[in-house]
2 protein chains.
Amino acid sequence: MNRRSFVRNTALTGAGLTLAMSNPASSTRPIDRLRIGFLGTGLRGQNHLDAILKRADCEVVALCDPDASMLASALDLCKKGSSPNPVIYTGSDQVWQEMLIREDMDAVIISTPWEWHVPMAVQALERNLYVGLEVGGAFSVEECWDLVHAEERSRGKLFFLENVCYRRDIMAVMRMVREGLFGDLIHLQGGYQHDLRAVKLNDGKQPYGGGVEFGEKGYSESKWRTIHSVHRNGELYPTHGLGPVAMMANINRGNRMTHLTAMSTQARGLHDYIVKHPQGGASHPNANVRFALGDVVTTMIHCQQGQSILLQHDTSLPRPYSLGFRVQGTAGLWMDINQSLHIEGKTESHRWESAGAWLERYDHPFWKAHAEKATGAGHGGMDWFLINSFVEHARRHEHPPIDVYDAAAWMVITPLSEMSISQGSAPQPIPDFTNGRWVNRNPSFAIHGDY
Amino acid sequence: MNRRSFVRNTALTGAGLTLAMSNPASSTRPIDRLRIGFLGTGLRGQNHLDAILKRADCEVVALCDPDASMLASALDLCKKGSSPNPVIYTGSDQVWQEMLIREDMDAVIISTPWEWHVPMAVQALERNLYVGLEVGGAFSVEECWDLVHAEERSRGKLFFLENVCYRRDIMAVMRMVREGLFGDLIHLQGGYQHDLRAVKLNDGKQPYGGGVEFGEKGYSESKWRTIHSVHRNGELYPTHGLGPVAMMANINRGNRMTHLTAMSTQARGLHDYIVKHPQGGASHPNANVRFALGDVVTTMIHCQQGQSILLQHDTSLPRPYSLGFRVQGTAGLWMDINQSLHIEGKTESHRWESAGAWLERYDHPFWKAHAEKATGAGHGGMDWFLINSFVEHARRHEHPPIDVYDAAAWMVITPLSEMSISQGSAPQPIPDFTNGRWVNRNPSFAIHGDY
């Protein structure tokens, strides 16, 4: 029996038990100090680095980034923190492969531009590392399979770093779903609705605004992310919206996504922004760029157990931030846009009720136990829970709660949505990356223990 | 030059003018007293009858319904009102055809079960009547063409009675759209999200609740509407959500809907309701009914000018009423679920602002002029505006603001969504019922005059 099937079997037999403060698979002594390498030390990588450096159970042994300035900031963090002497890998786009052959690393955190995610994760898995992979969409169905096969053929494990799964309201709603308050799930919604215009276009000196540059002349995300809006039209960033609701719908654990169809609007927002910006204008070279990405991309996903999931990607227009969650079942629904819910027999008939008191009442045990520590961490504290979960699982080499099958199923939405849009919204089958094991896999995210 | 092209040409040349309190096409003296016949005197027909009876410019000359009890209530309304002696048509399902050959009617209002809408409207148009047709979805693409051809080959006119186009907030937002506050439109949403379980299932004596009967044993809508949930799976009631946003997007007037794709969830709500109801239970005969209609049906529509329209049909689950409107353009968006909007440069960056003050400021001239009269009328007053618009247009035999092309384009969503769902969400082309005239037609809804 290998470790993975042991973990699975333990989870199965332990499903009915409450094992407070310990995970059922914790059969071996955890690593005292997890030795971590960082692939990518940009702003997101530095967030993770900062969180890791605060922990006594981690040591940062290596940093890799071709960007000298980002690397210098990261090294500065290390020197001020608990790991003053990480080995540095820089100077080329391929130097990360050298870092991965080190013998003294237990884990690696990958926070690089999207196109590097799968190649790096695959090699890290092949090196039997515990891999934390930042989120994003895939480029092809094939690379999602590559990711799955790399884990299945190694002793490495992939933890997909979808932080929104740890959002406080999301975890409370997930608890409500599991306790049956909404009945059986029927329809779910999520999305990434975030005005990123000043992220995708900046002045090349700061991460936010001040100009309309991108690519070589851009800084931080505008350096690498914006080009995807130029060339691609699809649900480019599906996981923040999809991950949480996929977990609630037990995708890959008794349920699976079967097919999707996607639709895009015209692309107007980024061009308008360039033309109207004081540092832009109609004669700015970027005013000639034709953006392929529709301003709003809508994707409908069908699930084996009869649910639909609606995703909305909306990052190029002026708008307030909203992940647009809706969780609806046979007994009621919650929406985050109006911070309200309705539960048959428990709230007034045909009326919304403010969700606040419900979210407090169903506050997830993780948050109850650790909210204080999370205060001040990124994205309202959820990043603390994400990194804590990653580290605690990695120290025990446990099967990740957000695993390689989740990563593949969620990331594949991107290329499939691109294909659907390019074919006039034709439906696309979604592969079963578990090859049938979804039938017997059990939910494990935030069920046992306290991480 | 026939009346229709005269109206169109007048509208074109008059587009830049403000013609307060008169419509540009009012070239002939209006009929003093519009003689109206009613096909269908159920609860919705009685709403319309009540509104008509309050007007000095209308006379009810005929009532038709095979249901003796509904007919008696309608006749009672007439006797108490301004038209004590309408001719009655009853006794068979086909007697309406006799009513339509009367020579003394100017107009007819059709408020019958969905399956009668098109056959009745077609014959009424062929009789050159001014036809008010209640909303609903069609059954086939062909019957939508039948409707269009019937008007094009006659002097009759079809006014599609979509009341939500007259909702106060909708008309204010439409004004904001037209004045460019949201920029160019990108994405629109609407729907029919209304817990109709106690409408679809009742005790056979009252229109709402008290039991789980439908069909022969049901009362009012449960008598005829519920069977559609048994046999059909699609966007069965598209127009309340679609009509208002289609008007904003200038569908059939410089824009058109090109194709759609639809997806359905499992059907659970109605069965659960029957089983859990005190008058139902697992052994009630209706517990054996298999409902085809998915609890949530989502439809995405693509428009020629690059917009997407998202529709949600959700009538079998416990939930608060919400038509779920979202109107989004290059400069901002409005949503009704959180009663908020965001307008670039006018509201705080990245933040929602309560829509209340904006809706007051952009209150539509129709509402400013007549809000007092509308008080107490159906559905928050919008029904007054609907019937007023119908009567005033009919008295002048003017081209309706919501016309046969709108009716066809909106009603066809139903059969196309059914086809899409039955083909695994395959996209379906949406016919151009104007045969190209959408290119030159101009917006006319609530632009001129005060009706």
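Residues numbered from 1 in each chain as written. Chains lettered and ligands numbered in written order. Predicted model: local features only at pLDDT ≥ 70, side-chain atom pairs only at ≥ 80, totals over all residues. Heavy atoms only, no water.

A look at the overall build of chain A
Here comes step 1: Helix and strand content of chain A: 17 helices and 15 strands.
Here comes step 2: The C-alpha extent of chain A, read off along each of the three principal axes, is 65 × 55 × 40 Å.
Here comes step 3: Within chain A, the fraction of its 451 residues that count as buried is 64%.
Here comes step 4: Taking as baseline every contact in chain A between residues at least 6 positions apart, the subset at least 24 positions apart corresponds to 73%. (Helix = DSSP H or I, 4+ residues; strand = E, 2+ residues; numbered from the N terminus. Buried < 20%, exposed > 50% of the residue type's maximum accessible area, 1.4 Å probe, protein only. Contact = heavy atoms within 4.5 Å.)

Points about the interface of chain A and chain B
Here comes step 1: Between chain A and chain B, the contact holds 56 residues from the first and 56 residues from the second.
Here comes step 2: Together chain A and chain B conceal approximately 4300 Å² of surface at their shared face, both sides included; 58% is due to carbon and sulfur atoms.
Here comes step 3: Of all residues in chain A, M263, M300 and H350 of chain A give up the largest surface area on contact with chain B, accounting jointly for 16% of the area buried on that side.
Here comes step 4: One can count six salt bridges joining chain A with chain B. (Buried area = accessible area lost by both parts, 1.4 Å probe. Salt bridge = Lys/Arg side-chain N within 4 Å of Asp/Glu carboxyl O.)

Topic: the packing of aromatic side chains
Here comes step 1: Counting across every chain of the model gives 28 aromatic pairs over all chains.
Here comes step 2: Their ring planes at 80° and their centres at 5.3 Å tell us that W114 of chain A and W224 of chain A sit as a pair that is edge-to-face. Of the two residues, W114 of chain A is situated in helix α5 (residues 114–126) and W224 of chain A in helix α9 (residues 221–224); the sequence distance between them amounts to 110 residues.
Here comes step 3: With centroids separated by 4.7 Å and ring planes inclined at 75°, the aromatic side chains of Y192 of chain B and Y237 of chain B adopt a geometry described as edge-to-face. Remark: Y237 of chain B occurs in the loop between α10 (226–231) and α11 (239–248) and Y192 of chain B occurs in strand β7 (residues 185–193); sequence separation between them is 45 residues.
Here comes step 4: We classify Y192 of chain B as buried; its relative accessible area is 8%.
Here comes step 5: Relative accessible area serves as the criterion here: at 10%, Y237 of chain B is assigned to the buried category. (Phe/Tyr/Trp six-rings, centres within 6.5 Å; stacked < 30°, edge-to-face > 60°.)

Thoughts on the pairing of strand β4 (residues 107–110) of chain B
Residue and element names in this part refer to chain B.
Here comes step 1: Side chains A107 and I109 of β4 all project onto a buried face; the interleaved residues V108 and I110 project onto the opposite face, where all are buried too.
Here comes step 2: Here four bridges tie β4 to strand β5 (residues 130–133), and the two strands are oriented parallel to one another. Pairing of A107 across the sheet is with Y130, part of β5.
Here comes step 3: In this fold, the crossover linking β4 to β5 by way of helix α5 (residues 114–126) has right-handed handedness. (Pairing = 2+ DSSP bridges. Right-handed = clockwise from strand over helix to strand, strands pointing away.)

A few points about helix α3 (residues 68–80) of chain B
Residues lying three or four places apart along an α-helix face the same way, a consequence of the helix completing one turn every 3.6 residues.
Residue and element names in this part refer to chain B.
Here comes step 1: Spanning 13 residues, α3 covers 18 Å between terminal C-alpha atoms, matching the ideal 18 Å at 1.5 Å per step.
Here comes step 2: Taken as a whole, α3 has its buried residues at M70, L71, A74 and C78. Projected down its long axis, α3 carries its buried residues within an arc of 100°, all on one side. Facing away from the buried side of α3 by more than 90 degrees, the exposed set consists of A68 and K80.
Here comes step 3: Contacts made by the buried residues of α3 are with α2 (43–53), β2 (58–64) and β3 (87–89). (Expected span 1.5 Å × (residues − 1). Arc of directions from axis to C-beta.)

Some words on the relation of the copies chain A and chain B
Here comes step 1: The operation relating chain A to chain B is a screw motion whose rotation component is 180°, with 0.0 Å of axial translation and a residual RMSD of 0.0 Å. This pairing of chains is accounted for by a two-fold axis. For chain A, the minimum C-alpha distance to the rotation axis belongs to N338 of chain A and amounts to 2.5 Å.
Here comes step 2: Mapped onto chain B, 100% of the interface residues of chain A are again interface residues, and the two copies thus contact each other with one and the same surface. (Least-squares fit on C-alpha atoms with pLDDT ≥ 70 in both.)

Details of the nonpolar core
Here comes step 1: In this structure, L147, L158, Y166, L242, M257 and W410 of chain B are the most contacted members of the largest nonpolar core, which totals 121 residues.
Here comes step 2: Element by element, the count of residues in this core is highest for helix α15 (residues 382–395) of chain B, at eight residues.
Here comes step 3: Formed jointly, this core draws a minimum of three residues from each of two domains, domain 1 (3–160) and domain 2 (185–329 + 405–439) of chain B.
Here comes step 4: Residues within four places of Y166 of chain B in sequence aside, it is in contact with F159, M171, W367, M382, F385, L386, S389, P401, I402 and F445 of chain B.
Here comes step 5: Core analysis: the next-biggest nonpolar cluster, separate from the first, contains 116 residues, L63, A74, M174 and I343 of chain A among them. (Core = buried A, V, L, I, M, F, W, Y, C linked by side-chain atoms within 4.5 Å. Domains from an automatic or database assignment.)

Comments concerning the pattern of salt bridges
Here comes step 1: Counting across every chain of the model gives 60 salt bridges over all chains.
Here comes step 2: One salt bridge in this structure joins R175 of chain A and E179 of chain A, with 3.0 Å as the shortest N-O distance.
Here comes step 3: Exposure remark for E179 of chain A: the relative accessible area of 46% places this residue in the partly exposed category.
Here comes step 4: Of the charged contacts in the structure, one is a salt bridge between R168 of chain B and D363 of chain B, with a shortest N-O distance of 2.8 Å. On the criterion of sequence distance, the pair formed by R168 of chain B in helix α7 (residues 168–178) and D363 of chain B in the loop between α13 (356–361) and α14 (365–374) is long-range, its members being 195 residues apart.
Here comes step 5: For R168 of chain B, a relative accessible area of 37% puts it in the partly exposed group.

Here we look at the environment of R441 of chain B
Residue and element names in this part refer to chain B.
Here comes step 1: Tracing the backbone shows R441 in the segment after β15 (428–429).
Here comes step 2: As a C-alpha pair, R441 and R33 span 408 residues in sequence and 31 Å in three-dimensional space.
Here comes step 3: Among the polar contacts listed, one links the side chain of R441 to the backbone oxygen of N252, at a separation of 2.8 Å. (Polar contact = N/O pair within 3.5 Å; in protein donor to acceptor, adjacent residues only side chain to side chain.)

Here we look at the packing of α14 of chain B against α15 of chain B
All names here are of chain B.
Here comes step 1: Packing of α14 against α15 brings their axes to within 9 Å, and their N-to-C directions diverge by 110°. Judged by the angle between their axes, α14 and α15 are roughly perpendicular. The segment α14 lies against α15, with F366, W367, H370, A371, K373 and A374 engaging M382, W384 and F385. (Axes fitted to C-alpha atoms, helices over the stretch in contact; angles between N-to-C directions. Parallel < 35°, antiparallel > 145°, perpendicular 65-115°, else oblique.)

Section: the sheet that holds β15 of chain B
All names here are of chain B.
Here comes step 1: What the nine strands build is an open sheet, ordered β14-β13-β12-β11-β7-β10-β9-β8-β15; its pairing is mixed. For this open sheet the edge positions go to β14 (353–354) and β15, each flanked by a neighbour on one side alone.
Here comes step 2: On the sheet, α7 packs against β7, β11 (326–329), β12 (332–335) and β13 (340–343) and is oriented at approximately 175° with respect to β12.
Here comes step 3: Contacts from helix α17 (residues 413–422) reach β8 (257–264), β9 (297–303), β10 (308–314) and β15 within the one sheet, and its direction differs from that of β8 by about 55°.

Considerations on the environment of S322 of chain A
Residue and element names in this part refer to chain A.
Here comes step 1: By secondary structure assignment, the location of S322 is in the loop between β10 (308–314) and β11 (326–329).
Here comes step 2: The buried category is assigned to S322, whose relative accessible area is 8%.
Here comes step 3: The sequence separation of S322 and Q193 amounts to 129 residues, and the corresponding C-alpha distance is 5.3 Å.
Here comes step 4: Contact partners of S322, with chain neighbours within four places excluded, come to Y192, Q193 and I337.
Here comes step 5: At a separation of 3.0 Å, a polar atom in the side chain of S322 contacts the main-chain amide nitrogen of G324.

Quick notes on the environment of F139 of chain B
Here comes step 1: Counting through the fold element by element, F139 of chain B comes out in the loop between β5 and α6 (141–152).
Here comes step 2: Taking the C-alpha atoms as reference points, F139 of chain B and M411 of chain B, separated by 272 residues in sequence, lie 8.4 Å from one another.

Regarding the side chain of S220 of chain B
Here comes step 1: If you trace the backbone, S220 of chain B turns up in the loop between α8 (197–200) and α9 (221–224).
Here comes step 2: When residues no more than four places from it in sequence are discounted, the contact partners of S220 of chain B are L43, M70 and P207 of chain B.

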